[in-house]
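The residues making up each chain are set out below.
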Amino acid sequence: MSSSPVQLIPLMIVAAMFALFVLGGMGSKMRQASDYGFAGNYSGRLGSGAAIASNWMSAASILGLAGLFYLKGYYAMAFVIGWTGGYILLLVLLATQIRRFGKFTAPDFVGFRYESGTARTLAALISIMISIIYCIAQVRGVALLVSWLFGIGYQAAVVTGGALVVTFVVISGTLGVVRNQRLQYFVLIVAFVLPLMFLTKKLGYFWVLPQFGYGQAIIDLQTQFGFYWSEPFATVSLYHWLALCFTLMFGTAGLPHVLSRFYMAPSIRDARWGVVWGLFFISLIYWSAPAYGVLARLYDAKAGLAYKTPDPATADLVTLTAALQGGIPVWVVGLLVAGGLAAAFYAISGLLQNGAAAFAYDIYPRLMRPSATDSDKLTMAKGFFLVLAAAVLALSLKPVGMIAETAAVAFALAGNTIFPAFLMGIWWSRTNAAGVVAGMLVGVAISFSAPLLGGALPVVTTLFPLTSSAFLGAPLVVVVMIVVSLLTRPPSDEIVGFLARNVHDVKDR
Amino acid sequence: MDHKGTDQGINIFRPQSGLLRGEVQVIVMIMAAWLVAVVGSQVAIWYMETTLIEYWLSEIIFFNLPIHFWLSGQFLPLWFILLGVAFNLWMDRHESRKFEGTIRYRAIGRSKKEQQP
């Protein structure tokens, strides 16, 4: 790919899409007040759902999922179910209650609920770790696309992509651009589904709903090329599949940047209905994503490569290669690339800013400089943003794994730590600071137990696989939180009363 | 619950107030429908895979898709959306009842005060 020419038309479409987002973001700044003024109406909920979906979209959704389908077939369905089913956990157990706490970040919530600076600092450190791991997955997506766009090698593309993200964040910040997530979602869904419609139409399939139309490609692969996808649980056990699926669900309900959507929802009802609309918009992407992986297999078969062993190094780019092999207009390919880049760019900038804020507001003034002013914290946030970006780029220079699987590690960490902390903090008022600190520490240990202890104790890798550790890990962390809380002093009457009255509406008796 | 001088403790397994009990019952029902759908569908697929010796699962087509692709890739996300809608409709009604209860309580309180000399 390093000898390829610069892709001029796609590059222009990428530039046009980012220009649209910047201009749209400037417009949304002016409209913001009226948007909140109509809180609770239909369009408010719809818009809130689009914002949730846009906040969720990343390179893992646009590129990674199709790559996994191409490479591993049905196994990738664990991601589809995990990344949609997790929103039910979020909806019924956390979304509205989080809104009632009136806090702004995950460490802020943990610090307030558990009345503990230590718990807050630990939650901040975990948030930073989650941001770094998730960003590494995103940078791989950016690098693959930038590599194709500019015709440069992978490592040069990592540096170029990283520089572009940082430049974009600085320009957006300087211009005071507010992220217009609704506009972004609608552009992203068009950029993702339109190429699929072109591809299925060209193949003569049912293109109006390519989410169903791609099924014909599976049949054609079987009847014309004798290619059968391996049976669902032939290569992965049912336990491991379910472990991955539930880990992704627990992680979805524990990712700090996902939870952050609910702290300032205009109203309780909007928070709830926003989740359901968000889930619908996210499902539109996931109903479509398998199609790219399947069509890429079909194009391989048509090229006489039905049984070639797919290369994991290039599998993450099958969304693009399928579009190129399908011979659709270059501007449609450009749209697809722009959509993938935009999703990854915004995911990286949001995660790095979250991580930088966790350091500047939760760690720096508590552990390093108690006398820090607001201005110091702001400067520190900007500085730490650059430090985090440099760290992520350095860690991304050598590819560590597929996009979706690297992202799954971040989900596992969130599912083992932040999710139990929020769940117990809301639904069991006896949980105290000692319990949550012990639980989160155990959660971190479980998350990395496979690479650290798996060599000496293979059973650890079986029970807590790196990408799927929260299936058993999260319940274990909950047990630790319960036991340690019961063995130590209960939380204050103030916080127990706050939880009953303000969060659960229980009247004084 | 072991709280110093308060009986307001929140425990999802032992909700104290009637309204919270109703909410927890719905949460339990939704979670059960979520869990059974996720685990049940995969156990069913695993069972079909191990018992249907003569066919590949991808030869059983439903809605133009192999049955397992349809079940996991199309139906389950739709099922989650339906569960979300059911939960929200119930919660909207539940909160309206709670709100009406608050209004009635206030109205009664005011009329008793007015009757006092």
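Look above for the structure.
Predicted, not measured: the structure shown is a model, and the values here were computed from it. (Residues numbered from 1 in each chain as written. Chains lettered and ligands numbered in written order. Predicted model: local features only at pLDDT ≥ 70, side-chain atom pairs only at ≥ 80, totals over all residues. Heavy atoms only, no water.)

**Q** Just checking my understanding: could you explain the layout of surface pockets for this structure?
**A** Once rolled over the atoms, a probe with the size of a water molecule shows which space is left empty. Estimated volume of the second largest pocket: approximately 740 Å³. Counting only elements with at least two residues in the lining of the second largest pocket, the list comes to α4 (77–101), α11 (238–252), α19 (418–427) and α23 (470–487) of chain A together with α1 (18–51) of chain B. For the lining of the second largest pocket, the element with the most residues is α1 of chain B, which contributes 6 residues. Here the lining of the second largest pocket is built from residues that sort into 22 nonpolar, 1 polar and no charged. (1 Å grid on protein atoms, 1.4 Å probe; cavity = no way out; pocket = protein on both sides within 12 Å on 5 of 7 lines; lining within 4 Å. Points joined across faces, edges and corners; volume = space filled by probe spheres on them. Helix = DSSP H or I, 4+ residues; strand = E, 2+ residues; numbered from the N terminus. Nonpolar A, V, L, I, M, F, W, Y, C, P; charged D, E, K, R; others polar.)

**Q** Which parts of the structure should I look at to understand a nonpolar patch on the surface?
**A** All names here are of chain A. Residues L452, L453, L457, V459, L463 and L472 make up a contiguous nonpolar surface patch of about 530 Å² in total accessible area. Residue assignment for the nonpolar patch shows that the elements contributing at least two residues are α21 (449–453) and α22 (458–463). With respect to the helices, strands and loops of the structure, V459 is situated in helix α22. (Patch = residues over 30% accessible without salt bridge, like charges linked within 9 Å, V, L, I, M, F, W, Y side chains within 5 Å. Areas by Shrake-Rupley, 256 points an atom, 1.4 Å probe, with all protein chains shown as cover. Salt bridge = Lys/Arg side-chain N within 4 Å of Asp/Glu carboxyl O.)

**Q** Hey, could you run me through unusual backbone geometry in this one?
**A** Excluding glycine, residues mostly carry a negative phi; peptide bonds, for their part, are mostly trans. The backbone of E115 of chain A sits at a positive phi, close to 50°, despite the residue not being glycine. In this fold, E115 of chain A is placed in the loop between α5 (106–113) and α6 (117–150). Even without a glycine there, the phi angle at F63 of chain B is positive, about 50°. Position of F63 of chain B among the secondary structure elements: in the loop between β1 (61–62) and β2 (65–66). By relative accessible area, F63 of chain B is classed as exposed at 54%. (Buried < 20%, exposed > 50% of the residue type's maximum accessible area, 1.4 Å probe, protein only.)

**Q** What should I look at first to understand the interface of chain B and chain A in this one?
**A** Frequently, the measure chosen for interface size is the accessible area removed from exposure when the parts meet. Contact with chain B, which involves 60 residues of that partner, is made by 64 residues of chain A. For the pair chain B and chain A, the summed buried surface comes to about 5,600 Å²; carbon and sulfur atoms form 65% of the total. The tally of links between chain B and chain A comes to 5 salt bridges. Across the pair D92 of chain B and R269 of chain A runs a salt bridge, and its minimum N-O distance is 3.6 Å. Joining chain B to chain A, the criterion identifies 17 residue pairs in polar contact (both at pLDDT 80 or more). Only α1, β2 and α2 (67–115) of chain B provide two or more residues apiece to the side of chain B that touches chain A. For the side of chain B that touches chain A, the element with the most residues is α2 of chain B, which contributes 22 residues. (Contact = heavy atoms within 4.5 Å. Buried area = accessible area lost by both parts, 1.4 Å probe. Polar contact = N/O pair within 3.5 Å; in protein donor to acceptor, adjacent residues only side chain to side chain.)

**Q** How should the side chain of T252 of chain A be read in this particular structure?
**A** Within the secondary structure layout, T252 of chain A lies in helix α11. In this view, T252 of chain A contacts W56, G82, W83, G86, Y87, L90, V258 and F411 of chain A; residues no more than four positions away in its chain are not counted.

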